[in-house]
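# Structural description and commentary
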Amino acid sequence: MRSPHRTDSPPHRTDRAAGGLVRVSDLPPGVLRDIALVWLADAVVGVSFGAIAVAGGLPLWVPVVMSLLVYAGSAQFSAVGILTAGGGPVAAAATGLLLNSRTAAFSLALADDLGRSWPARLIGAHLVTDETAAFVLAQEGRAQRRAAFWISGIGLFVAWNLSVLVGALAGSALGDTDRFGLDAAFPAVLLALVLPALRGDSAARRASAAGAVIAVVAAPLLPAGVPVLLALLGLLAARRGPRRPGRPRPASPRSAS
C-alpha cells in the first residue's frame, strides 16, 4: 500500500546529466577547443576519403551514403580500398565490421552517458567513435561526460559528412591525396589528446607501449586492420605492476604559506 506521506519526485529534481539539455557550459575549460581541433582533423580526413573513393572509380553516392549510415572512418577507408581493388561487397563489409568491433567496448563504457531514453541511446550509439569515447572518459562528472559526448559526437558527424561530400565532389581534381599528407593529420591530433594521460598514468604508458609493439610486429604479417585489434592485448600490461600517477609538483612557497 502506498504511504500517504510519499511524494513523487518533481521533474526538476531529475538528474540533469541523465536527461535534459546539453550545455556547452558543462564542459571544463579547454575541452571545447580540443573538440574543435578534432572536428578540423576529421574534416581534413573526410575530404581525403571522399576524394579517394571517387577517384578510385566509385559513384559519388557511395562514400556519401556510407558516411551517413556506417559512419566509421577506418572501416570506411578499408571497405573502399577493397572495393577499388576489385574485391566484393561481402569482403568489404566483413573487413569493416571487424575493424569497427572495438566500438562495442566503447558502447558499454559510455552507455550511461547517452541518456535514459531509447531514442537517445539509438542515436547516441551511432555517434560512438574513438574520439567521442576519449573525450567522455576524460571527464569526471556526469554532466561533463554527457556534454562531452553529445557536443563532440554531433559535431564530428556533421564535420565528417560535409567534408566527405566536398571530397567526393572534388573527386580526381585533388590528384594524389597522399602528397598532401592528409592521412597523418588525424593520428597526430589523437596523439596530442592522449599525451596528457600517458604522462600522468604509468599503467596507461605500459598498455600503450605494449599495444604499439604488438601492432608494429603484426603489421607485416597480418591483413590491414587486424594489428590494430591485436594491439588491444596491450591492456593486459596495465594490470601488471602498481598504478602510479605522475610525480606531483613540489608546492611553491606561496601555496604553502
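Preceding this paragraph is the structure being described.
Residues numbered from 1 in each chain as written. Predicted model: local features only at pLDDT ≥ 70, side-chain atom pairs only at ≥ 80, totals over all residues. Heavy atoms only, no water.

## Notes on a nonpolar patch on the surface
On the surface, a cluster of nonpolar side chains totalling about 500 Å² of accessible area is made up of W61, V65, L68, L69 and V70. Among the secondary structure elements, W61 is positioned in helix α2 (residues 61-69). Judged by its relative accessible area of 56%, W61 falls in the exposed class. (Patch = residues over 30% accessible without salt bridge, like charges linked within 9 Å, V, L, I, M, F, W, Y side chains within 5 Å. Areas by Shrake-Rupley, 256 points an atom, 1.4 Å probe, with all protein chains shown as cover. Salt bridge = Lys/Arg side-chain N within 4 Å of Asp/Glu carboxyl O. Helix = DSSP H or I, 4+ residues; strand = E, 2+ residues; numbered from the N terminus. Buried < 20%, exposed > 50% of the residue type's maximum accessible area, 1.4 Å probe, protein only.)

## Overview of the packing of aromatic side chains
Applying the stated rule across the entire model yields four aromatic pairs. Relative to W160, the ring of F49 has its centre 5.8 Å away and its plane inclined at 25°; by these criteria the two rings are stacked. Residue F49 is found in helix α1 (residues 31-55), and its partner W160 is found in helix α8 (residues 142-170); the two are separated by 111 residues along the sequence. On the basis of relative accessibility, which here comes to 0%, the residue F49 falls in the buried class. Overall, the relative accessible area of 3% leaves W160 in the buried class. Ring centres of F149 and W150 lie 5.1 Å apart, and the angle between their planes is 85°; on these two criteria the pair is classed as edge-to-face. In this structure, F149 and W150 share a single accessibility class: buried. Feature note: the residues F49, F77 and W160 constitute an aromatic cluster, connected by ring pairs. (Phe/Tyr/Trp six-rings, centres within 6.5 Å; stacked < 30°, edge-to-face > 60°.)

## Observations regarding the pattern of salt bridges
For the structure shown, the criterion picks out one salt bridge. Measuring nitrogen to oxygen at the nearest pair gives 3.3 Å for the salt bridge that ties R33 to D34. Residue class for R33 comes out exposed when judged on its relative accessible area of 55%.

## Remarks on the layout of surface pockets
There is about 240 Å³ of room inside the second largest pocket. Surrounding the second largest pocket, 13 residues form its lining, V70, A79, A92, A93 and G96 being those nearest its centre. Ranked by residue count, the leading element in the lining of the second largest pocket is helix α4 (residues 89-100), at six residues. Per-class residue counts for the lining of the second largest pocket are 10 nonpolar, three polar and no charged. (1 Å grid on protein atoms, 1.4 Å probe; cavity = no way out; pocket = protein on both sides within 12 Å on 5 of 7 lines; lining within 4 Å. Points joined across faces, edges and corners; volume = space filled by probe spheres on them. Nonpolar A, V, L, I, M, F, W, Y, C, P; charged D, E, K, R; others polar.)

## Focus: the nonpolar core
Within the largest apolar cluster, 30 residues are counted, with the highest numbers of intra-cluster contacts made by L27 and F149. Put simply, the parts of the chain that give this core at least two residues each are α1, α2, α3 (73-84), α5 (103-114), α6 (118-127), α7 (130-137) and α8. Ranked by residue count, the leading element in this core is α8, at eight residues. In contact with F149, other than residues within four places in its own chain, are L110, L114, G124, L127, V128, T132 and V136. (Core = buried A, V, L, I, M, F, W, Y, C linked by side-chain atoms within 4.5 Å. Contact = heavy atoms within 4.5 Å.)

## Some points on the environment of P59
Checked against the element boundaries, P59 lands in the loop between α1 and α2. Sequence separation between P59 and A168 is 109 residues, and the spatial gap between their C-alpha atoms is 8.9 Å.

## Description of the environment of I52
Of note, I52 is situated in helix α1. Taking the relative accessible area as the measure of exposure, I52 reaches 31% and is therefore partly exposed. Separated by 116 residues in sequence, I52 and A168 have C-alpha atoms that sit 7.9 Å apart.

## Let's talk about the side chain of R145
Secondary-structure assignment places R145 in helix α8. Residue class for R145 comes out buried when judged on its relative accessible area of 16%. Excluding residues within four positions of it along the chain, R145 makes contact with A109, D113, V136, L137, Q139 and E140.

Keep in mind these numbers describe shape, not what the thing actually does.
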